[in-house]
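Summary of structural features
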Amino acid sequence: MRGSVCVALLVWLLNDAATREFSDEEMSATRQRIKSMFYHAYNSYLDNAFPYDELRPLTCDGQDTWGSFSLTLIDALDTLLVLGNRTEFQRVASLLQDTVDFDIDVNASVFETNIRVVGGLLSAHLLAGRAGMELEPGWPCSGPLLRMAEDAARKLLPAFQTPTGMPYGTVNLLNGVSPTETPVTCTAGVGTFILEFATLSRLTGDATFEDVARRALRALWQTRSDIGLVGNHIDILSRKWVAQDAGIGAGVDSYFEYLVKGAIMLQDEELLNMFQEYDRAIQNYTRFDDWYLWVQMHKGTVSMPVFQSLEAFWPGLQSLLGNLDSAVRTFQNYYSVWRQFGGLPEFYSIPQGYTVDKREGYPLRPELIESAMYLFRATGDHTYLQLGLDALESIERIAKTPCGYASVKDLRDHQLDNRMESFFLAETVKYLYLLFDPTHFLHGGGSEGDGSWEEGGEGGQCVLGAGGFIFNTEAHPLDPAAVYCCSRQAQDRQELRDILLSLSQPTEKSRHQSETPTKHTEAPPPGQSDSIALKAGDKKTLPLLSCPVQPFNARLSIMGQVFTDNS
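Residues numbered from 1 in each chain as written. Predicted model: local features only at pLDDT ≥ 70, side-chain atom pairs only at ≥ 80, totals over all residues. Heavy atoms only, no water.

Here we come to the state of the cysteines. Covalent bonding between the sulfur atoms of two cysteines defines a disulfide. Within the structure shown, the criterion is met by three disulfides. At a sulfur-sulfur separation of 2.1 Å, the disulfide partner of cysteine 141 is cysteine 486. Measuring handedness by torsion sign, the sulfur bridge of cysteine 141 and cysteine 486 sits at about -100° and is left-handed. One end of the pair, cysteine 141, is in the loop between helix H5 (110-127) and helix H6 (144-156); the other, cysteine 486, is in helix H17 (residues 480-504), and 345 residues separate them in sequence. One disulfide bridge connects cysteine 462 with cysteine 485, the sulfur atoms lying 2.1 Å from each other. (Disulfide = S-S within 2.5 Å. Helix = DSSP H or I, 4+ residues; strand = E, 2+ residues; numbered from the N terminus.)

In structure tokens, the structure reads:
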């Protein structure tokens, strides 16, 4: 293993020696190229695929994938504003209010609906003021896009009505959880809700959403192994681990991401302590030569010496915690893989230095570009801009079609697949653009939009949008200032009501309190309510594993084998 790592680092160092500085003019020109990329994909979707979820770029038509929401339009909405297009943002925001209906008989991924739909609508709601939309009094604590996000999230709540509080992977938006739904879901499918659900609760004043997200997080926390690791797939009813591979990639990744980002956004010490304990175990058992391998969660023995493209978010996450030295070295390893193939294959064999059989594809994922954005912000090193330029040119050369951009089926020969996932416009293009715009308002500057902050809340007493946005795992920016603004106002109103009640009806209140023990009934678990009806759906029986990312096949997850027999 060390030999291949040394070769990778040597390639990095040789190339790094020639890294050049990007001028302001080059940065501006690159931003224009990224805008052109976005509009080629976006217009192709509108012309050929809307109102379907996704564009099929090889046949110039559309398909529903995650639930029939016009998903690409929701996912791309805040990217329009990031690129400075207020007019189209306003048009699409109005269009979505008129056309999207969540009261439909569709089986939807709880995870994907949350990060793409709920997250996208929340972000658009919080950016509506900057987009020049007409705002309701009291915004951001009210508004039509916020109500849409709440409606979508409420459709997901039946999935959390389990004895453990950990959610099912799939829910029927009309009928709730089917009796035939598998109880097996991936770790990320349990632990990736706190950002959106806490934001929703604190903007609306309904604590239900944050409560169920926290209950799921705490239940998952209790299942970690004696050495402090969690596996890949868990039975949410029995709490038993079905896939015991521990790592930072597919099926686990955003769980760790949300512990860190949730701690930052909510100033929550409990979430940060959880991550720090996990991180100690991750560093002790899975890190080798600045790569992160997969290990058996109870023993810490290596089960899969592979790098997965989804792991490329890790250097960016480490930078948020100030672990720059480690983040830079790991990023160098990942960038060497990009340079080898012109993209990141889904699985990469570290000992062999090549792709893994049947995992050679690159669906235009954003994670390495995301980490480059964070590391450039932290270091100012133009090496990360070079990665951005490499990514832009590679995608243009390999994946561009007359109707958008196609996923790469095989990086070895650049075969294409007939799919353009919505995250290409929500994440990949957005992070690329933000990488080359260090003064953007999302970074605390003001190159796009007017001013670096705005007023909000009752009487305009809150300062919003002044920087410090937190990106959810679909790259939808959330403003912690808005979360604080609305929760602070709700708390003030409640305190005022309590004071007025105590002054006006002290006797009645005392009598009520004295009667409470005789009338007490056990409260339902957090997030469970009689108003959430669980009805039998009529969908077909699902496969054993219900997960938003491609699950490990038996060869990888059960037998622990990675390479072909003749390797």
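Past the structure itself, the notes keep going.
On to the sheet that holds strand E11 (residues 294-296), then. Spatially, three strands are ordered E8-E11-E12 in an open sheet, and the strand pairing comes out antiparallel. Lying at the two open borders of the sheet, with one neighbouring strand each, are strand E8 (245-246) and strand E12 (302-304). Where E8 and E11 come together, two bridges link them in antiparallel fashion. Counted as the bridge partner of alanine 246 is valine 295 from E11. (Pairing = 2+ DSSP bridges.)

Soluble globular proteins tend to bury their nonpolar side chains together. In terms of nonpolar packing, the biggest core is built from 169 residues, with Phe197, Phe256 and Phe424 touching the most fellow members. If one sorts the elements of this core by residue count, H5 sits on top with ten residues. With residues up to four places along the chain from it excluded, the contact list for phenylalanine 197 reads Asn114, Ala153, Leu156, Leu157, Phe160, Phe209, Glu210, Val212 and Ala213. (Core = buried A, V, L, I, M, F, W, Y, C linked by side-chain atoms within 4.5 Å. Buried < 20%, exposed > 50% of the residue type's maximum accessible area, 1.4 Å probe, protein only. Contact = heavy atoms within 4.5 Å.)

Here the UniProt-annotated "active site" (unreviewed entry) positions come out as Glu112, Asp253, Glu346 and Glu367. Mapped onto the fold, glutamate 112 is located in helix H5. Within the element layout of this structure, aspartate 253 appears in helix H10 (residues 253-266). Aspartate 253 has contacts with Ala188, Ile248, Leu310 and Phe313, leaving out every residue within four places of it along the chain. (UniProt positions renumbered as here; feature names shortened; annotations may be inferred.)

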